[in-house]
Amino acid sequence: MAEDPQRNFRSVYYEKVGFRGVEEKKSLEILLKDDRLDIEKLCTFSQRFPLPSMYRTLVWKVLLGILPPHHESHAFVMKYRKEQYRDVYHALRVIRFINDSTPQVEVFLRIYQLESGKLPRNPSFPLESEEQTFLAIAKAMEEMVEDSIDCYWLVSSFVNQLSNKYKDSLPQLPKLLEQYLNLEDSRLLTHLKSCSAMGQLPYNLWFRRCFAGCLPESSLQRVWDKVISGSCKILVFVAVEILLTFKMKLMALNSAEKIEMFLENIPQDNTDAIVSKAIELWHKHCGTPAHSV
């Protein structure tokens, strides 16, 4: 559908006077008032705009299938989700997999493992890479979501989305990174290749963990808005923008190990700007989804 030119005019006006996002917030509130939430429109909104923090948890829960589209079912479904969480939590305590001192993110992991039939025979077994990924995502989500039960369902559903919906896409992201970096800065790509660094970039941190442990909460949730609403490709453009932002530093490093070490611990002071530029780059190469209320 064609966009409302009147709405575009107001959006520009609001941004000029310092009220960025006012019109977008109103649009989302209209969407959330529907008796049956329109998943497609919520996805499109989330792809195009950052979600207001007061609505983010609700929208994520709907998009990840934790809550159904029908408003009248939300209270009942969350009551069931809470009971399910508490039942599994109690079972894990009975079999002594968790106790009062178990970190919350590890509790989430054990509940997820029991629910999915992957609980190890012994809690002291070393953690596999998939379990480390789960813990990293859980730790990041814990900083965004206050309620522990909401947090568990968001983490488990997000991890399932990554391992199911994006199973075939995630392995392709390193190749896409090289492709888009070549378009944006071929000289930087040539340097990284000459150092044999392209094969040693922190792809697990960037793509498997969706930047959990790399970006702070304020930046990370804007990236996850896009991933949860249907695009893991945004991860590529965040990675490209990180490389472009720290180009001078990277050009001064001449070993893959040093480049990898730097990129695993990038400075945290300008990550919001990096994400903003990454989203612009994503829209530039992939287009901007249309949106109408």
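These numbers come from a predicted model, not from an experiment.

J.: How would you summarise the overall build of the protein chain if you had to cite specific residues and measurements?
T.: On a plain count of helices and strands, the protein chain comes out with 16 helices and zero strands. For the protein chain, the spread of C-alpha atoms along the three principal axes comes to 60 × 55 × 30 Å. Within the protein chain, buried positions represent 48% of all 293 residues. In the protein chain, of all internal contacts separated by at least 6 residues, the share reaching a separation of at least 24 is 69%.

J.: Lay out the packing of aromatic side chains in plain terms, naming residues and giving numbers.
T.: As enumerated under the stated definition, the model contains 13 aromatic pairs in all. Each residue in the set Tyr85, Tyr89, Phe108, Tyr152 and Trp153 is aromatic and connected to the rest through ring pairs, giving one cluster. A cation over an aromatic ring shows up here: Arg81 above the ring of Trp153, its NZ or CZ 4.6 Å from the ring centre.

J.: Describe in detail the UniProt feature "domain: Rab-GAP TBC" (unreviewed entry) in the protein chain, supporting the description with residues and values.
T.: The UniProt entry lists residues 50–231 under the feature "domain: Rab-GAP TBC" (unreviewed entry), expressed in the numbering used here. Taken end to end, residues 50–231 comprises 63% helix and 0% strand; its first and last C-alpha atoms sit 14 Å apart.

J.: Hey, could you go over the environment of Leu177 for me, with residue numbers and the actual values?
T.: By the secondary structure assignment, Leu177 is in helix α9 (residues 173–184). Its relative accessible area of 0% is what places Leu177 among the buried residues. The spacing of Leu177 and Leu67 is 110 residues in sequence and 34 Å in space, taken between C-alpha atoms. If sequence neighbours within four positions are ignored, Leu177 has contacts with Leu201, Tyr203, Trp206, Phe207, Val236, Ala239, Val240 and Leu243.

J.: Tell me about the layout of surface pockets, and please be specific about residues and values.
T.: The probe, sized like a water molecule, is rolled over the atoms to show the empty space still left. Its boundaries defined by the atoms lining it, the second largest pocket holds a volume of some 570 Å³. Contributing to the lining of the second largest pocket are 22 residues, with Glu130, Glu131, Thr133, Val159 and Ser163 lying nearest its centre. Within the residue set of the lining of the second largest pocket, elements represented by two or more residues are α6 (104–115), α7 (129–144), α8 (148–163) and α11 (203–208). Among the residues forming the lining of the second largest pocket, the class breakdown is seven nonpolar, eight polar and seven charged.

J.: Can you tell me about the confidence of the model for the protein chain, naming the residues and giving the values?
T.: Low-confidence regions, as indicated by low pLDDT, have predicted coordinates that should not be scrutinised in detail. The share of residues in the protein chain with pLDDT of 70 or more is 91%, and the mean pLDDT across the chain is 91. Below a pLDDT of 50 lies the segment residues 1–19, which in the model reaches 18 contacts outside its immediate sequence neighbourhood of four places, other chains included.

How each quantity is defined
Residues numbered from 1 in each chain as written. Predicted model: local features only at pLDDT ≥ 70, side-chain atom pairs only at ≥ 80, totals over all residues. Heavy atoms only, no water. Helix = DSSP H or I, 4+ residues; strand = E, 2+ residues; numbered from the N terminus. Buried < 20%, exposed > 50% of the residue type's maximum accessible area, 1.4 Å probe, protein only. Contact = heavy atoms within 4.5 Å. Phe/Tyr/Trp six-rings, centres within 6.5 Å; stacked < 30°, edge-to-face > 60°. Lys NZ or Arg CZ within 6 Å of the ring centre and 35° of its normal. UniProt positions renumbered as here; feature names shortened; annotations may be inferred. 1 Å grid on protein atoms, 1.4 Å probe; cavity = no way out; pocket = protein on both sides within 12 Å on 5 of 7 lines; lining within 4 Å. Points joined across faces, edges and corners; volume = space filled by probe spheres on them. Nonpolar A, V, L, I, M, F, W, Y, C, P; charged D, E, K, R; others polar. pLDDT = per-residue confidence, 0-100.

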